[in-house]
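# Reading the structure
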Amino acid sequence: MRVALAACVAMLLAGAGAEASVVAAWNLNGIDPAQNTVVDATAGFGTLDFSGLGATAGVLQGTTLGALPGELAGEALVATGTLANQTSFRFDFESTGWADLSLSFATRRSATGASMNRVECWNGLAWETVTSFASNATTWELVTVKLAPIDASTGGYASVRFVLDGATSSSGSLRFDNIAVTGTATPAPGALALLGLAGIASSRRRR
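Residues numbered from 1 in each chain as written. Predicted model: local features only at pLDDT ≥ 70, side-chain atom pairs only at ≥ 80, totals over all residues. Heavy atoms only, no water.

Scanning the protein chain from N- to C-terminus turns up three helices and 13 strands. The buried share of the protein chain, taken over its 207 residues, is 41%. For the protein chain, long-range pairs separated by at least 24 residues make up 75% of all intrachain contacts whose partners lie at least 6 apart in sequence. Carbon and sulfur atoms make up 57% of the accessible area of the protein chain, which totals about 10300 Å². (Helix = DSSP H or I, 4+ residues; strand = E, 2+ residues; numbered from the N terminus. Buried < 20%, exposed > 50% of the residue type's maximum accessible area, 1.4 Å probe, protein only. Contact = heavy atoms within 4.5 Å. Areas by Shrake-Rupley, 256 points an atom, 1.4 Å probe, with all protein chains shown as cover.)

Examined against the element boundaries, Thr107 turns out to sit in strand E8 (residues 98-109). Owing to a relative accessible area of 0%, Thr107 belongs among the buried residues under this scheme. Engagement of the side chain of Thr107 in a polar contact is seen with the side chain of Ser135, the distance being 2.8 Å. If we skip the residues at most four places from it in the chain, Thr107 touches Phe133, Ser135, Thr139, Trp140, Glu141, Val143, Leu174, Arg175 and Phe176. (Polar contact = N/O pair within 3.5 Å; in protein donor to acceptor, adjacent residues only side chain to side chain.)

Per the counting criterion, the structure on display carries three salt bridges. As a salt-bridge pair, Arg161 and Glu120 come within 2.6 Å of each other at their nearest N and O atoms. Of the two residues, Arg161 sits in strand E12 (residues 157-163) while Glu120 sits in strand E9 (residues 117-122), which places them 41 residues apart along the sequence. Residue classification places Arg161 among the partly exposed residues on the basis of a relative accessible area of 21%. (Salt bridge = Lys/Arg side-chain N within 4 Å of Asp/Glu carboxyl O.)

This part covers unusual backbone geometry. Positive phi outside glycine occurs at Gln86, with the angle close to 70°. Here Gln86 shows up in the loop between strand E6 (75-80) and strand E7 (88-94). A positive phi angle is found at Thr138, which is not glycine, with a value near 80°. Examined against the element boundaries, Thr138 turns out to sit in the loop between strand E10 (127-133) and strand E11 (141-146).

We now examine the pairing of E12. Walk down a regular strand and you will see the side chains alternate between the two sheet faces. When you tally the buried positions in E12, you get five out of seven residues, the bulk of the element. In this sheet, E12 lies alongside E9 in antiparallel orientation, the contact comprising four bridges. Of the residues in E12, the one forming a bridge with Glu120 is Arg161. (Pairing = 2+ DSSP bridges.)

All right, on to the packing of aromatic side chains then. Under the criterion given, the structure shown has 12 aromatic pairs. Centre to centre, the rings of Phe91 and Phe162 are 6.2 Å apart; their planes meet at 45°, and the pair counts as tilted. Here Phe91, found in strand E7, pairs with Phe162, found in strand E12; they are 71 residues apart in sequence, far enough to count as distant. The residues Phe91 and Phe162 share a single accessibility class, namely buried. Ring centres 4.9 Å apart and planes at 55° place the aromatic pair Phe162 and Phe176 in the tilted group. Taken together, the residues span a long stretch of sequence, with Phe162 in strand E12 and Phe176 in strand E13 (residues 173-185) at a distance of 14 residues. Phe162 gets classed as buried once you look at its relative accessible area, which sits at 0%. (Phe/Tyr/Trp six-rings, centres within 6.5 Å; stacked < 30°, edge-to-face > 60°.)

For Arg90, the location among the structural elements is in strand E7. Taking the C-alpha atoms as reference points, Arg90 and Val119, 29 residues apart in sequence, are found 9.6 Å from one another. The residues touching Arg90, leaving out its near neighbours within four places in the chain, are Thr47, Leu48, Asp49, Trp127, Ser159, Val160 and Arg161. At a separation of 2.8 Å, a polar atom in the side chain of Arg90 contacts the side chain of Asp92. Reaching out from Arg90, the side chain makes a polar contact with the side chain of Ser159 at a distance of 2.8 Å.

Further remarks concern empty space enclosed by the protein. Within the structure shown, the criterion is met by one cavity of 30 Å³ or more. By volume, the largest cavity is sized at about 50 Å³. Around the largest cavity, the lining residues are Ala25, Trp26, Asn27, Thr42, Gly66, Ala67, Leu68, Glu71, Asn178, Ile179 and Ala180. Elements with a contribution of two residues or more to the lining of the largest cavity: strand E1 (21-26) and E13. Looking at the lining of the largest cavity element by element, the count peaks at three residues for E13. (1 Å grid on protein atoms, 1.4 Å probe; cavity = no way out; pocket = protein on both sides within 12 Å on 5 of 7 lines; lining within 4 Å. Points joined across faces, edges and corners; volume = space filled by probe spheres on them.)

Structure (structure tokens):
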């Protein structure tokens, strides 16, 4: 019985980290900057706040690239013009209970849209750059990056932001769609305790 219990718990812990799951995702369909600049996650739990883009924020046609199964190519968030340079937008999500976090997002720009952009994570003390990206001109691409600064932190509520720069005209645009954070679930403290007890019981039985 005790051996079976230990085996069951071990299988539970192995399964918890075996496959990446959605932590928080935003398909950005139906957004309206004139009405609301804070958007709840469409899958998982979190909020995305693009108020930092100010008057440069708008909506253009989206894509299914990077979308979750069954989602449509609705709208995409766009930042337009040189006034978007040095602006940013962010999203926050609960990172407790997750490891091996990764970010993916679909992006494209016009020929004069922001081309010197970066993704930053809050590491508990400051914003830390995890990648820079230019985005393809005229075609969508999917960018994926590991969120190592968050994995290295003590957990809690995580923050990620996009910082934009490099637009060279008043009509230059940069789009974002299907922003998603994925990770592997870590064992709950109760499961770890159960495994420890099962191991102790097994050891005593052998004695």
